[in-house]
Amino acid sequence: MSQIAASVASTFSEIAARVAQGSRIGRDDARWLWTNASDAELCSLAAGVRGRFHAPGSCTYMVMRIINYTNVCVAQCDYCAFYKLPSQDGGYVLSHEEVFAKLDELLALGGDLAAFNGGFNPHLPLSYYCELFAAIRARYGDALEFYALTIAEFMYLADHAKLSYSEAATRLKDAGVRWITGGGSEILTEDFRARHSKFKYTVAQYIEAQRAIVEAGLKTTATMVIGFDEGLEERLEHLERTRQFQDETGGLGSFLCWTYKPYFTQIGGIEITTAEYLRHLALCRIYLDNIPRIRTSVLTQNEHALVGLNYGADDFDLPIEDEVTQKAGATISLDFERILNYARELGYSPEYRHVSLGQPPWLAVS
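Since we're looking at a predicted model, the values are computed, not measured. (Residues numbered from 1 in each chain as written. Predicted model: local features only at pLDDT ≥ 70, side-chain atom pairs only at ≥ 80, totals over all residues. Heavy atoms only, no water.)

Draft legend 1. Layout of the packing of aromatic side chains. Counted according to the given criterion, the structure contains 18 aromatic pairs. Note on Phe120 and Tyr156: the rings are 4.7 Å apart at their centroids and 5 degrees apart in plane angle, and the pair reads as stacked. With a gap of 36 residues between them, Phe120 in the loop between β2 (113-116) and α5 (126-140) and Tyr156 in helix α6 (residues 151-160) connect regions that are remote in the sequence. Like Tyr156, Phe120 is buried. A network of ring pairs unites the aromatic residues Tyr69, Phe116, Tyr128, Tyr129, Phe133 and Phe146 as a single cluster. Above the face of the Tyr287 ring, Arg243 is positioned so that its terminal group lies 3.8 Å from the ring centre. If you follow Arg279 out to its NZ or CZ, it ends over the ring of Trp34, 5.4 Å from the centre. (Phe/Tyr/Trp six-rings, centres within 6.5 Å; stacked < 30°, edge-to-face > 60°. Helix = DSSP H or I, 4+ residues; strand = E, 2+ residues; numbered from the N terminus. Buried < 20%, exposed > 50% of the residue type's maximum accessible area, 1.4 Å probe, protein only. Lys NZ or Arg CZ within 6 Å of the ring centre and 35° of its normal.)

Draft legend 2. Fine view of α6. Counting buried positions over the 10 residues of α6 gives eight, a clear majority of the element. Listing the buried residues of α6 in full gives Ile151, Ala152, Glu153, Phe154, Met155, Tyr156, Leu157 and Ala158. In the stretch just after α6, Lys162 is the one whose phi turns positive, near 60 degrees.

Draft legend 3. Representation of the domain arrangement of the chain within the structure. Per the domain assignment, the segments making up the chain are domain 1 (1-37) and domain 2 (58-352). Computed from C-alpha coordinates alone, the two centres of domain 1 and domain 2 are separated by 32 Å. The interface of domain 1 with domain 2 comprises 11 residues on the first partner and 16 residues on the second. On inspection of domain 1 and its partner domain 2, the count reaches three salt bridges. Inspection of the domain 1/domain 2 interface yields six residue pairs in polar contact (both at pLDDT 80 or more). In terms of residue count, helix α2 (residues 27-36) provides more of the side of domain 1 that touches domain 2 than any other element does, six residues in total. Of the residues in the side of domain 1 that touches domain 2, the class split is six nonpolar, two polar and three charged. (Domains from an automatic or database assignment. Contact = heavy atoms within 4.5 Å. Salt bridge = Lys/Arg side-chain N within 4 Å of Asp/Glu carboxyl O. Polar contact = N/O pair within 3.5 Å; in protein donor to acceptor, adjacent residues only side chain to side chain. Nonpolar A, V, L, I, M, F, W, Y, C, P; charged D, E, K, R; others polar.)

Draft legend 4. Quick peek at the pairing of strand β5 (residues 220-226). Taking burial as the measure, the seven residues of β5 include seven buried ones, the bulk of the element. Of the two faces of β5, the one carrying Thr220, Ala222, Met224 and Ile226 and the one carrying Thr221, Thr223 and Val225 are both buried. Note that β5 and strand β6 (residues 252-259) share six bridges and pair parallel. Opposite Thr220, over in β6, you have Leu252 as the bridge partner. As a crossover connection, the stretch from β5 through helix α10 (residues 232-249) into β6 is right-handed. (Pairing = 2+ DSSP bridges. Right-handed = clockwise from strand over helix to strand, strands pointing away.)

Draft legend 5. Up close: the environment of Phe133. Within the element layout of this structure, Phe133 appears in helix α5. A C-alpha to C-alpha distance of 17 Å links Phe133 and Met155, two positions 22 residues apart in sequence. Setting aside residues no more than four positions away along its own chain, Phe133 makes contact with Phe116, Phe146, Ala148, Leu149, Leu172, Ala175 and Val177.

So this is what it looks like as structure tokens:
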């Protein structure tokens, strides 16, 4: 073995020993692993961290629908193929009846979780959201749960209503909201935002808003999107900020990473490979040692996402709709059994994970 090869082997064994002992890796370790570790080595380390929270061979999934309640948005992110400006034709806002129809279809397909994602629509007041979410809670009770807004939308809504983040969170909580998820983070660096979403909020503001959500007693999650033009250092900064937030608040229920879809967007680009996504997923699992649930993205990786279970993920969702990513090239399959069989073929036993607090109606005793 050459001196360089011996040094590489020594470094990996040192990092692996610390991970096995439950010690935390730092950015230098993560950088080294990304640059030097093999896929098998990353899988091994990720499986070790995964094993602190989940039994081998176990995994969970959900059937969910992302409801894009409006496509009118003034953020003008250059990686989005979905939005319409207020002055453009083709803008829409869903009525309560249209939302209910989508929720009824979700329940009929065996799902019990919906997520709302639209944009920065200057024509929608806070009352629109409060009335919609209160109506959903009144109609479905605890048999269906919903992720109300992303943090980025929440921030715009609060500012538009001239409320503090704390006041806005309280208003939504009073309307029956329990979750505001970590969407709109993309890559949490100021440079990335300056390049691609200059009309969105700063990283510091994003973290401030998410902290207010946690302090209001609402639940939240962390997300990350890779495959733009971000470099390794930006990815590591995002992971560090996420881990630090969890250290300080303990408020993150899960972490989901997915890949940018470049089709029909302003900046375009070439979609990253599944192999790169899987390596990053493993690095996320190793680095985020304080977040029990790491989710792999069927929405953007289709059945290939299930290989992510070997790279440290333990959870995934089977989406039935998401216009935002579908407009940019994502494809959705309703053949759930076929997708679940990929997990089974890999040696996992997927079990449905109910986010709702009540018994789903299809399991109710007559």
